[in-house]
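Notes for the structure review
So the chains spell out like this:
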Amino acid sequence: MFKLFYIFILLLSMHAFVYSNIINDNEIEMVYIKSGDFLMGSVFNSKMPSDKDEMPAFMVSISGFYMGKYEISYGQWKYIYDWAITNGYEFDNAGRAGASYSKIVTLGQENDSGTGNKSHPVVGISWYDIIKWSNAKSEMDGLTPIYYIDSMKQNIYRKGIVDVTVTMVLWNGDGYRLPTEAEWEYAARAGSKTVFPWGNSYREMYKYANSLDITASSFIRSKTYIRVKDMYTDTAPVYVYMPNDFGIYNMIGNVWEWVFDFYGPYRDVHKKNPKGESRGYKRVIRGGSFYTSFVEGLKSANRYEESPTLSDSFTGFRIAKNR
Ligand SMILES: [Ca+2]
Ligand SMILES: [Ca+2]
Ligand SMILES: [Ca+2]
């Protein structure tokens with residue numbers, strides 16, 4: 001009996017050790033990223049194919065900024081969302097608490113009601129929803145909103161579909177915003193020049209990232225999956241797995257992350273704080289997800305273009321801030 005009790009306590013403490021991080025709905029933890037230069041994109045690697053749009057790699061200078069330590073959890077999303085809808089904001093989607101692999105596979109993504117766990121990343125929201133939510137978070141905290149519906153930056157973006165261009169952003173404001181694509185890759189690499197933030201091999205992926213791995217294959221027979229074991233078939237709470245060298249969690253895997261930029265090709269010119277194309281139809285998502293079944297999809301340099309109206313089960317975000 002006593003033995004069982006001790007085993008129980010031991011298991012409990014192990015659990016506490018693994019999940020010692022607690023996500024507060026009303027507090028978004030951020031990490032300061034120091035300014036620096038890095039090579040953005042992919043250089044030719046015969047062992048790991050690159051999509052054409054990752055090349056040519058080019059030098060980028062990034063100014064210091066704050067990056068969300070975790071993907072935004074459903075609890076955090078909902079906390080701001082509830083304030084926003086009673087304060088003049090309108091959204092197209094209410095968001096869901098993570099995503100369930102088996103529900104997506106058996107019922108289809110449109111019937112995926114999520115995991116019901118508010119520490120999972122928010123999904124089922126569009127780029128527009130996120131941009132408005134960021135403004136709401138700024139207003140709620142008494143900061144200056146970053147996104148406007150006009151280039152004069154007179155009218156705060158609170159409702160509807162507005163394709164916010166670079167000139168409609170108060171780039172030096174103190175409010176919350178999406179990272180740019182360059183800031184995202186700089187933070188994801190955390191000083192690394194390798195294919196993944198932890199090195200060139202996918203074999204260590206299970207320590208740092210939630211992908212479509214062997215765990216999912218044992219639940220439902222999946223034709224393709226990554227040959228590592230990360231223990232999650234669904235999304236994982238945003239604090240699970242090891243952080244990168246900047247102390248940031250799940251940049252690779254769990255959910256894809258929206259960035260600000262309109263999607264466009266790379267050019268081999270040294271740029272300072274690039275902000276993407278001035279116009280476009282697609283925005284960029286980064287990092288791959290719990291549903292990504294091929295290793296190339298989880299590279300630091302991988303990029304994907306999506307319509308900003310997309311609100312799927314695989315894509316969420318994290319926020320950035322100037323100061
Ligand atoms: Ca997994
Ligand atoms: Ca992620
Ligand atoms: Ca790609």
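Structure: above.
The structure reproduced in this document is the subject of the present report.

Rules used throughout
Residues numbered from 1 in each chain as written. Chains lettered and ligands numbered in written order. Predicted model: local features only at pLDDT ≥ 70, side-chain atom pairs only at ≥ 80, totals over all residues. Helix = DSSP H or I, 4+ residues; strand = E, 2+ residues; numbered from the N terminus. Rg over C-alpha atoms; globule rule 2.2 N^0.38 Å. Contact = placed C-beta atoms within 7 Å. Buried ≥ 20, exposed ≤ 12 C-beta atoms within 10 Å, placed from the backbone. Pairing = 2+ DSSP bridges. Axes fitted to C-alpha atoms, helices over the stretch in contact; angles between N-to-C directions. Parallel < 35°, antiparallel > 145°, perpendicular 65-115°, else oblique. Nonpolar A, V, L, I, M, F, W, Y, C, P; charged D, E, K, R; others polar. Core = buried A, V, L, I, M, F, W, Y, C linked by C-beta atoms within 7 Å. Expected span 1.5 Å × (residues − 1).

Now for the overall build of the chain. Within the chain, the regular secondary structure consists of 7 helices and 13 strands. Against the globule reference of 20 Å for 323 residues, the chain gives a C-alpha radius of gyration of 19 Å, in line with a compact fold. Its C-alpha atoms give the chain principal-axis dimensions of roughly 70 × 50 × 40 Å. Contacts in the chain between residues at least 24 apart in sequence constitute 69% of all its contacts with a sequence separation of at least 6.

A few words now on unusual backbone geometry. At the junction of M55 and P56, the peptide bond is cis and its omega measures out at 0° in the coordinates. Its place among the elements puts P56 in the loop between strand 2 (36-40) and strand 3 (58-62). The phi torsion at N273 lies on the positive side, around 45°, for a residue other than glycine. Judged by local crowding, N273 falls into the partly exposed class, with 14 C-beta atoms found within 10 Å.

We now examine the pairing of strand 3. Two elements, strand 2 and strand 3, share 5 bridges in a ladder whose sense is antiparallel. Residue L39 lies in a different strand from strand 3, and its bridge partner there is M59. Here strand 3 pairs with strand 9 (residues 271-272) via 2 bridges, running parallel. Along strand 9, the bridge assignment pairs S61 with K272.

Let's shift gears to the sheet that holds strand 1 (residues 30-33). The pairing of strands in a sheet happens through backbone hydrogen bonds and is either parallel or antiparallel. Read across the open sheet, the 4 strands follow the order 1-4-13-7; overall the sheet is antiparallel. The sheet is open, and its two borders are formed by strand 1 and strand 7 (176-177), each paired with just one other strand. Alignment of strand 7 against strand 13 (residues 320-321), held across 2 bridges, turns out to be antiparallel. In the strand pairing of strand 13, Y176 is matched with K321.

To continue, consider the packing of helix 2 (residues 74-85) against helix 4 (residues 127-140). Contact pair helix 2 / helix 4: the axes reach a minimum separation of 9 Å and the direction vectors enclose 80°. When the axes of helix 2 and helix 4 are compared, the pair comes out roughly perpendicular. Facing helix 2, whose interface residues are W77, I80, Y81, W83 and A84, helix 4 presents W133, A136, K137 and M140. For the contact of helix 2 with helix 4, a count of residues per class yields 8 nonpolar, no polar and 1 charged.

Core analysis: the largest hydrophobic core is formed by 77 residues, its most contacted members being I130, L178, A187 and M205. With 6 residues, helix 4 is the single largest residue contributor to this core.

Another aspect to go through is the sheet that holds strand 3. Spatially, 3 strands are ordered 2-3-9 in an open sheet, and the strand pairing comes out mixed. The outermost strands of the open sheet, each flanked by one partner alone, are strand 2 and strand 9.

Quick look at helix 4 now. Helix length check: helix 4, at 14 residues, gives a terminal C-alpha distance of 20 Å against a target of 20 Å (1.5 Å per residue), a fit within 8%. Counting buried positions over the 14 residues of helix 4 gives 13, a clear majority of the element.

Next up on the list: the environment of S63. Along the chain, S63 turns up in the loop between strand 3 and strand 4 (65-68). Under the C-beta neighbour-count criterion, S63 is labelled exposed, with 12 such atoms within 10 Å. Residues S63 and P197 lie 134 residues apart in sequence; the distance between their C-alpha atoms is 20 Å. What S63 contacts, discounting residues up to four positions off in sequence, is S35 and N273.

With 9 of 9 residues buried, helix 5 (residues 181-189) is to be regarded as a mostly interior element. Turning to helix 5, its buried residues number three or more, namely E181, A182, E183, W184, E185, Y186, A187, A188 and R189.

When you line up the elements, K132 lands in helix 4. Sequence separation between K132 and E90 is 42 residues; the distance between their C-alpha atoms is 8.2 Å. Aside from chain neighbours lying at most four places away, what touches K132 is Y89, F91, Y157 and R158.

Our next topic: the environment of S61. Along the polypeptide, S61 turns up in strand 3. With 15 C-beta atoms packed within 10 Å, S61 lands in the partly exposed category. Distance from S61 to D37, taken between C-alpha atoms, is 4.3 Å for residues 24 residues apart in sequence. Residues in contact with S61, not counting those within four places in the same chain, are D37 and K272.

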